[in-house]
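Structural characterization, general
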Amino acid sequence: MIIYKSPEEITQMKESCQLAAAVLKHIEASIVPGITTDEINTICHDFIISNGATPSPLNYKGYPKSVCTSINQVVCHGIPDEYRLREGDIVNVDVTTFYKGYHGDNSKTYLVGKVSRAARELVNAAEEALWIGIEEAKKHSTIGDIGHAIQKFVEAKGYSVVREYCGHGIGKNFHEDPHVTHYGRPKTGAPVKPGMVFTIEPMINLGSAEIILLDDDWTVETKDRKLSAQFEHTIAITKDGVDVLTLID
Ligand code: MF3
Ligand code: CO
Ligand code: CO
């Protein structure tokens, strides 16, 4: 069941979303060779707490940390640990805040120092894929249209779209309906209507779309161990288009 939000609720949600976006800005300068993903987790955690919010992932279905850090072949839900970032890595930091009753969810893939051209191009394509989805949502089309637009773009570049993890409605709950798949058929799925608030968060792979779940029951990796990249925004559908709630500056 999709929970539609009033304009007042969307205004409230934007506060949580803007804080989540501020966390990604705050951590940016620390994404350098030598920092551990645990240190990234702590910096994000402390910033969230000091702003009067809580990190939604912590203890969510038993998740042990405050953010997800997904490096190179990790598709999503990487758990921060003592791994030190190396020049040439790509790392997605996924931040969700709970503030004044609402969740705000966003993520970004950072380049660590100088990275290969293949990595840089994949990361750029992942960000572009997110924005293609946002542009499609502006037309008040359907959830299937959003997925189709993303899939068409990604596959034309020779990359692939992960199927098992999707965008999602968000509000008082971290994950709500609808499932926002990043692949699909035009004119299928729920119509995109004012009052909907959901994330778009395409995970795109350099090689095949196949994934594996590691023994920690969280970390998702590409089966072929080739790179994967992801960007995420929380968007609200308004009368005249879209408000990207996690966009700052
Ligand atoms: N933030 C992720 C998302 O985009 C969900 C992370 S769940 C966690 O939906 F438990 F791994 F944190
Ligand atoms: Co999300
Ligand atoms: Co997220």
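Refer to the structure above for everything that follows.
My aim in this report is to walk through the structure given alongside it, one point at a time. (Residues numbered from 1 in each chain as written. Chains lettered and ligands numbered in written order. Predicted model: local features only at pLDDT ≥ 70, side-chain atom pairs only at ≥ 80, totals over all residues. Heavy atoms only, no water.)

Turning to the site of ligand 1, a few remarks are in order. Around ligand 1 sit 14 residues, and of these Pro57, His168, His175, Glu201 and Glu232 come closest. One of the side-chain N or O atoms of Glu201 is found 2.8 Å from an oxygen atom in ligand 1. A distance of 3.0 Å separates an oxygen atom of ligand 1 from a polar side-chain atom of Glu232. Here ligand 1 has 340 Å² of accessible area as a free molecule, and 96% of this is covered by the chains. (Near = heavy atom within 4 Å. Polar contact = N/O pair within 3.5 Å; in protein donor to acceptor, adjacent residues only side chain to side chain. Areas by Shrake-Rupley, 256 points an atom, 1.4 Å probe, with all protein chains shown as cover.)

Attention now moves to the coordination of the cobalt ion (ligand 2). Around the cobalt ion (ligand 2), the protein contributes the donor atoms Asp105 (OD), His168 (NE2), Glu201 (OE) and Glu232 (OE), which lie 2.0 to 2.2 Å from the metal centre. Considering all 6 donor atoms around the cobalt ion (ligand 2), angles at the metal cover 52 to 160° and the coordination shape is irregular. (Donors = N, O, S within 2.8 Å, 3.2 Å for Na, K, Ca; no water. Tetrahedral: all angles 85-135°; square planar, octahedral: opposite > 155°, others 65-115°.)

Within the first shell, the cobalt ion (ligand 3) binds the protein through Asp94 (OD), Asp94 (OD), Asp105 (OD) and Glu232 (OE), at distances of 2.1 to 2.4 Å. Coordination geometry of the cobalt ion (ligand 3): the 6 donor atoms subtend angles of 57 to 168° at the metal centre, consistent with an arrangement described as irregular. Every donor residue of the cobalt ion (ligand 3) comes from the same chain, spaced as D-x10-D-x126-E. Metal-to-metal, the separation of the cobalt ion (ligand 3) and the cobalt ion (ligand 2) is 3.3 Å; Asp105 coordinates the two. On the criterion of sequence distance, the pair formed by Asp94 in strand β4 (residues 90-99) and Asp105 in strand β5 (residues 102-111) is long-range, its members being 11 residues apart. Just as Asp94 is buried, Asp105 falls in that class too. (Helix = DSSP H or I, 4+ residues; strand = E, 2+ residues; numbered from the N terminus. Buried < 20%, exposed > 50% of the residue type's maximum accessible area, 1.4 Å probe, protein only.)

Attention now moves to the nonpolar core. Counting residues in hydrophobic clusters, the biggest one holds 31 residues, and the most contacted among them are Ile146, Val154, Phe198, Ile200, Ile235 and Ile237. Secondary-structure elements contributing two or more residues to this core are α3 (117-138), α4 (143-156), β9 (197-200), β14 (233-238) and β15 (241-244). For this core, the element with the most residues is α3, which contributes 9 residues. If near-sequence neighbours (up to four positions away) are discounted, Ile200 is found in contact with Leu130, Gly133, Ile134, Ile146, Ile150, Val180, His182, Phe231, Glu232, His233 and Ile235. (Core = buried A, V, L, I, M, F, W, Y, C linked by side-chain atoms within 4.5 Å. Contact = heavy atoms within 4.5 Å.)

The end-to-end C-alpha distance of α3, which contains 22 residues, comes to 32 Å, matching closely the 32 Å that a straight helix rising 1.5 Å per residue would cover. Within the span of α3, buried status applies to Ala119, Leu122, Val123, Ala125, Ala126, Ala129, Leu130, Gly133, Ile134, Glu136 and Ala137. Positive backbone phi, at 50°, marks His140, one or two positions downstream of α3. (Expected span 1.5 Å × (residues − 1).)

A word on the layout of surface pockets. Of the volumes computed, that of the largest pocket is approximately 540 Å³. For the largest pocket, the lining is made up of 26 residues, of which Tyr60, His77, Tyr165, His168 and His175 are closest to its centre. Of all the secondary structure elements, the ones that give two or more residues to the lining of the largest pocket are β4, β7 (167-169) and β8 (176-180). Of all the elements, β8 adds the most residues to the lining of the largest pocket, at 4 residues. Its residues assigned to classes, the lining of the largest pocket comprises 11 nonpolar, 7 polar and 8 charged. Computed from the structure, the second largest pocket encloses a volume of approximately 280 Å³. Taken together, 16 residues line the second largest pocket, and the ones lying closest to its centre are Leu24, Lys108, His233, Thr246 and Leu247. Listing elements by their share of the lining of the second largest pocket, those giving two or more residues are α1 (7-28), β5 and α3. Per-element tally for the lining of the second largest pocket: the top contributor is α1, with 4 residues. When grouped by side-chain class, the residues that make up the lining of the second largest pocket number 7 nonpolar, 4 polar and 5 charged. (1 Å grid on protein atoms, 1.4 Å probe; cavity = no way out; pocket = protein on both sides within 12 Å on 5 of 7 lines; lining within 4 Å. Points joined across faces, edges and corners; volume = space filled by probe spheres on them. Nonpolar A, V, L, I, M, F, W, Y, C, P; charged D, E, K, R; others polar.)

Before going further, it helps to examine the side chain of Glu136. In this structure, Glu136 sits in helix α3. Those residues in contact with Glu136 that sit more than four places away from it in its chain are Ser141, Asp145, Ile146 and Ala149.

Where α3 contacts α4, the two axes come as close as 8 Å, and the packing angle between them is 150°. Classified by the angle their axes make, α3 and α4 are roughly antiparallel. The way α3 lies across α4 gives a crossing that is right-handed. Contacts from Ala125, Glu128, Ala129, Ile132, Gly133, Glu136 and Ala137 of α3 reach α4 at Asp145, Ile146, Ala149, Ile150, Phe153 and Val154. The residue makeup of the contact of α3 with α4, split by class, is 9 nonpolar, 1 polar and 3 charged. (Axes fitted to C-alpha atoms, helices over the stretch in contact; angles between N-to-C directions. Parallel < 35°, antiparallel > 145°, perpendicular 65-115°, else oblique. Left-handed = near helix turned anticlockwise from the far one by under 90°.)

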